[in-house]
Amino acid sequence: MVVSPVVFSSSSSKEEEQEEGRTWWSARHSHRVVRVPKSGRLLLVGGFSQQESSEAEASLSSSAADVWEGEELCGDTGGSHVRWRLLARAGAFGPRDGHALATLRDAVFLVGGSSRDFFATHDVWRLDDQEGGWRLATAAPGWCGRTHHALAVEAGGSLVLLGGFSEEAGYLNDAWTSKDGVSWERVAKAAGWSKRAVHGACTKEGAIFVAGGYDGQKPLNDV
């Protein structure tokens, strides 16, 4: 799946936007986007991107480490589009895709994911101020390195890490919680749902919902 790098209003064309001298993030997948509570703006982090090589004029696929901020702008005709601004070409967390991203008490947390060499990481990074930098919350959270996991925020104010895929253990159905991104506690070694990755998760009325995913053999459609 390739995602368009910008949402245009119905009255704007890509050519018109490019004529204004704006630049956008490259086409990618396995990235993450969150809305930052303080500013209300979007934050796009990393992903797997295919870029052209200027030397060989060939395509080069790799994990991205860039961070972009998106601001929704209203057009003269009532439509809207998102204007993107590059915050960091290479975030301190390094190339990353298949990671998880969530906001908790005005901070943005990046959890795990795959690095440029396709190694599943187990670090946690925190961003408190978009104009500031990412800092490492922990490199030893207790859970094994993983990618394409889910991350939810429960009503009590904790991050909840759910499942994913690990080179060490394969597909996972464990659950971990943390109030600060530093200290993690395992609350389920094998949750009620089957092992999976590339799934979705969200919270509603105090409950956490896990939906779909892939178990290594087939796509899933349970909740």
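Residues numbered from 1 in each chain as written. Predicted model: local features only at pLDDT ≥ 70, side-chain atom pairs only at ≥ 80, totals over all residues. Heavy atoms only, no water.

**A closer look at the overall build of the chain**
Applied cut-off: Secondary structure elements are defined from DSSP: runs of H or I of at least 4 residues count as helices, runs of E of at least 2 residues count as strands, and each element is numbered from the N terminus. Buried means the residue's accessible area, taken with a 1.4 Å probe over protein chains only, is under 20% of the maximum for its type, while exposed means over 50%, and partly exposed covers the values in between. Two residues form a contact once any of their heavy atoms are found within 4.5 Å. The protein chains shown are the only cover counted for residues, whose accessible areas, like all others here, come from Shrake-Rupley with a 1.4 Å probe.
Secondary structure assignment for the chain yields one helix and 17 strands. Counting only residues that meet the buried cut, the chain has 45% of its 223 residues in that class. Across the chain, the fraction of contacts at a sequence separation of at least 24, relative to all contacts at a separation of at least 6, is 45%. Here the chain has roughly 11,800 Å² of accessible surface; of this, 49% comes from carbon and sulfur atoms.

**Some points on the pattern of salt bridges**
Threshold: Here a salt bridge means any side-chain nitrogen of Lys or Arg lying within 4 Å of a carboxyl oxygen belonging to Asp or Glu.
Following the criterion strictly, the structure yields eleven salt bridges and no others. Taking the shortest distance from any N to any O, the salt bridge between Asp222 and Arg196 comes out at 2.8 Å. With Asp222 in the segment after strand E17 (219-220) and Arg196 in the loop between strand E13 (185-188) and strand E14 (200-204), this pair connects stretches of sequence that are 26 residues apart. In this structure Asp222 comes out as partly exposed when scored by relative accessible area, which is 32%. Connected through shared salt-bridge partners, Arg41, Glu69, Glu71, Arg83 and Arg85 make up one network.

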